[in-house]
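Residue-level listing of the chains:
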Amino acid sequence: MAGVASLNALALRAPSPSPAAPSPSPRHRGAGALAFPGPPRFPSLRAARRVLPARAAAGGDAEDEWGPEPDGGPAVTAAVAEAPAPEASEVAELKARLKEALYGTERGLRASSETRADVVELITQLEARNPTPAPTEALTLLNGKWILAYTSFSQLFPLLGSGRLPELVKVEEISQTIDSENLTVQNCIKFSGPLATTSVSTNAKFEIRSPKRVQIKIDEGVIGTPQLTDSIVLPEKFELLGQNIDLSPLKGIFSSIENAASSVAKTISGQPPLKIPFQTNNAESWLLTTYLDEELRISRGDGSSIFVLFKEGSTLLN
């Protein structure tokens, strides 16, 4: 109690404001006993407020408490505007990492489970930064030839998916060509062998079902006319049914076959491709484009399958 009495006495003996002292501003009147006399705590801010009327009289903006731009302000603004957006650089880095992750996977068919997990993670990050949220409304970007770089769809082609292709036959390219004007799609697989190259393709039409989704219906399959190679190139050996087969003794035989093949090359190349019509409902599928720009396309299809395609001519193919 003695302490309380002492505080009360101090409060009663506090000097009253001088008649010449300015009255407290409205924003400080509610402070009560906490508004102790003394020098202002923020003189620089009060000084800045006193400068504002003079700045307005000189033609400046009285609302601008920070003053005019420093020298070089517009140049700095232009430099910032010209600098690439952080997201654009992030996308470029993600695409470079994706290209590196796909190297040596043979379009995903030989990818390990760890590599597949890394690829899915990169794809997810790219999808979150998709610059084309409505791909079916940007048909000019969809238009053209796209080269398959990766897929998780092991049944894309039965022999290719099961890995039973002989060593003598190579898959040169798997592509999808979109004609946005006629709403058609052609899927093509090109094979090459020691004697000839050929292709197997499907022709289809697509319908736009949503800003990202198209419905595809295959009309026909096409087996291309074999194109004979100029010369026969044989490997030294290849593996068949677990056995290494040496082909060097057969080089003389294949030289004779090459000479005979050249005489019928013009006849074979003049034959039209074989077309096989499709009439079943099983020839329909859907495709969802989840990322699209001028050089990269990511799509998802039936069975949670993923397709990564690079535009023909893109630096991603180098």
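Below is a short write-up of the structure.

Each value, and the rule that gives it
Residues numbered from 1 in each chain as written. Predicted model: local features only at pLDDT ≥ 70, side-chain atom pairs only at ≥ 80, totals over all residues. Heavy atoms only, no water. Patch = residues over 30% accessible without salt bridge, like charges linked within 9 Å, V, L, I, M, F, W, Y side chains within 5 Å. Areas by Shrake-Rupley, 256 points an atom, 1.4 Å probe, with all protein chains shown as cover. Salt bridge = Lys/Arg side-chain N within 4 Å of Asp/Glu carboxyl O. Helix = DSSP H or I, 4+ residues; strand = E, 2+ residues; numbered from the N terminus. Buried < 20%, exposed > 50% of the residue type's maximum accessible area, 1.4 Å probe, protein only. Polar contact = N/O pair within 3.5 Å; in protein donor to acceptor, adjacent residues only side chain to side chain. Pairing = 2+ DSSP bridges.

### Focus on a nonpolar patch on the surface
A cluster of nonpolar side chains, namely I223, L274 and I276, defines an oily patch on the protein surface of about 250 Å² accessible area. Tracing the sequence through the fold places L274 in strand β9 (residues 274–277).

### Observations concerning the environment of S192
You can see S192 is positioned in strand β3 (residues 184–192). You can call S192 buried: its relative accessible area is 12%. On a C-alpha basis, the gap between S192 and E172 in space is 6.4 Å, while along the polypeptide they are 20 residues apart. Within the local environment of S192, its side chain forms a polar contact with the side chain of E172, the two groups lying 2.6 Å apart.

### What about unusual backbone geometry?
A positive phi angle is found at E106, which is not glycine, with a value near 50 degrees. Along the chain, E106 turns up in the loop between α4 (86–102) and α5 (113–127). Phi at L183 is positive, roughly 55 degrees, even though this residue is not glycine. As for its placement among the helices and strands, L183 is situated in the loop between β2 (170–179) and β3. For L183, a relative accessible area of 30% puts it in the partly exposed group.

### A few points about the pattern of salt bridges
Pairing between side chains of opposite charge can happen when the charged atoms of each approach one another. Counting across every chain of the model gives eight salt bridges. Close ionic contact of E106 with R110 constitutes a salt bridge, the shortest N to O distance being 3.0 Å. On the accessibility criterion, E106 (44% relative accessible area) is partly exposed. Looking at R110, the relative accessible area reads 62%, which means it is exposed. Across the pair R209 and E207 runs a salt bridge whose closest N-O atoms are separated by 3.1 Å.

### Here's the deal with the pairing of β2
Across four bridges, strand β1 (residues 144–151) lies against β2 in antiparallel orientation. The partner of W146 across the bridge, within β2, is Q176. In terms of strand pairing, β2 meets β3 through nine bridges, oriented antiparallel. Residue pairing across strands places D179 opposite T184, the latter belonging to β3.

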